[in-house]
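Here are the chains, one letter per residue:
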Amino acid sequence: MIKVNGYEITEKEFDMALEERKYVLKRHVLEEKEVEEVADILIEGVLMLEKAAGENITVSDQDIDDMISKMKQSFKSEEDFLKVLEKTGDDMNTLRVRVERNLKLRNFVLKKFFEDTKVSDEDLLKYYDQYPERFSRGDEVRASHILFAETEKETALNVHEKLTEHNGDFAEEAKLYSICPSKENGGDLGFFDRGKMVPEFEKAAFATPVGEISDLVQSQFGYHIIKVTDKREGGKFELDEVREQLRQSMINSIVNHKIRKYTSELKGKADIQIDTGILSSKFPK
């Protein structure tokens, strides 16, 4: 379907890459531009792997095994993992080949672009001062909640009374009754700002004083009992609070620019042949 300096990217390989992109984006259909982006990514990958071979970039069987094990950890079971493989047109053999190629590509990028890319403290401070709006935060609330299904309103009212009238232990009640995964942390949701929660929950959380428990709140998820444990006013993050995240973000931005320039030069010199008929058949109808 696509030939890059004589190496063929088959239609099956292209289809697998499309399915993987759909899975990541949680979409059933990709836009025309996104299909073309997948083609570009595959072409650039082939060109950089050519260069990686010239620099003797290798990957061990153990590296491949470790990566596949990490991939499996995001699934509930081995069966679910294999079902997704089948859906994307993969099996364990083709997966190992793809993982090996991806790891070689990653190692090549790390060696060629990341190792020599540094961001000084002076550069960090300059960026921090130049774009203050990027380091502002709104008011935040830290809250815990107990979530009940819509059919459990009576239970929710009873638990609410126990907490407000009889000084019940909020974390223990969350572990017993909540249907939210946060139950494992006693219902703690950490800090959040406006726009992160459903409107009914947000309104109650920001209106409830620290240390107090809200009235029963109904949302699309069911019934909530909310305990506000802390609040902090909005303002600007101090540089020390964001220093390392900012450093990594700036490094990533510089590396992405380098990679775009590098792959553009490689494509300009490469012999690339694309079956436009097959490519256009992948566009949304």
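Only a predicted model underlies this, so the values are computations on that prediction, with no experimental measurement involved.

A sheet is described by the order of its strands in space; here 4 strands give the open sequence β5-β4-β7-β6, paired in antiparallel fashion. Bordering the open sheet on either side are β5 (188–193) and β6 (217–219), each of which pairs with just one other strand. Each adjacent strand pair in this sheet contributes to an overall mean axis angle of 45°, direction not counted. Bridge count between strand β4 (residues 140–148) and strand β7 (residues 222–232): 9 bridges; the pairing is antiparallel. Following the sheet pairing, Leu147 is matched in β7 by His224. Lying over the sheet, helix α8 (residues 170–177) contacts β4 and β7, oriented at roughly 45° with respect to β4. Along the sheet, helix α9 (residues 199–207) makes contact with β4, β5, β6 and β7, crossing β7 at roughly 40°.

Here we take up the nonpolar core. Counting residues in hydrophobic clusters, the biggest one holds 39 residues, and the most contacted among them are Ile2, Phe14 and Met48. Taken together, the elements giving at least two residues each to this core come down to β1 (2–4), α1 (11–25), α2 (32–54), α5 (92–114), α6 (121–130) and α10 (239–269). The element best represented in this core is α2, accounting for 10 residues. Contacts of Ile2, omitting those with residues within four sequence positions, involve Tyr7, Glu8, Ile9, Phe14, Ala39, Ile43, Gln273 and Ile274. If you look at the next biggest cluster of nonpolar residues, it comprises 11 residues, including Phe192, Val198, Phe201 and Val228.

Attention now moves to a nonpolar patch on the surface. Where nonpolar side chains cluster on the molecular surface, the patch consists of Tyr23, Val24 and Leu25 and spans about 290 Å² of accessible area. Topologically, Leu25 is positioned in helix α1. Looking at Leu25, the relative accessible area reads 36%, which means it is partly exposed.

Attention now moves to the pattern of salt bridges. Overall, the coordinates contain 21 salt bridges when judged by the stated rule. Of the charged contacts, one joins Asp15 and Lys282 as a salt bridge, the two residues approaching to 2.9 Å between their closest N and O atoms. Here Asp15 is found in helix α1, whereas its partner Lys282 is found in the segment after α11 (276–281), with 267 residues between them in sequence. For Lys282, a relative accessible area of 19% puts it in the buried group. The salt bridge involving Lys104 is made with Glu100; its shortest N-O contact spans 3.7 Å. One end of the pair, Lys104, and the other, Glu100, are both in helix α5, 4 residues apart, so they sit about a helical turn from each other.

Bringing the packing of α2 against α10 into the picture now. For the pair α2 and α10, interaxial distance at closest approach is 10 Å and the crossing angle is 85°. The orientation of α2 with respect to α10, classified from their angle, is roughly perpendicular. Residues Asp40, Ile43, Glu44, Leu47, Met48 and Lys51 of α2 touch α10, and the partners they reach there are Ile259, Tyr262, Thr263, Leu266 and Lys267. Across the contact of α2 with α10, the residue classes tally to 6 nonpolar, 1 polar and 4 charged.

What counts and what doesn't
- Residues numbered from 1 in each chain as written.
- Predicted model: local features only at pLDDT ≥ 70, side-chain atom pairs only at ≥ 80, totals over all residues.
- Heavy atoms only, no water.
- Pairing = 2+ DSSP bridges.
- Helix = DSSP H or I, 4+ residues; strand = E, 2+ residues; numbered from the N terminus.
- Axes fitted to C-alpha atoms, helices over the stretch in contact; angles between N-to-C directions.
- Contact = heavy atoms within 4.5 Å.
- Core = buried A, V, L, I, M, F, W, Y, C linked by side-chain atoms within 4.5 Å.
- Buried < 20%, exposed > 50% of the residue type's maximum accessible area, 1.4 Å probe, protein only.
- Patch = residues over 30% accessible without salt bridge, like charges linked within 9 Å, V, L, I, M, F, W, Y side chains within 5 Å.
- Areas by Shrake-Rupley, 256 points an atom, 1.4 Å probe, with all protein chains shown as cover.
- Salt bridge = Lys/Arg side-chain N within 4 Å of Asp/Glu carboxyl O.
- Parallel < 35°, antiparallel > 145°, perpendicular 65-115°, else oblique.
- Nonpolar A, V, L, I, M, F, W, Y, C, P; charged D, E, K, R; others polar.

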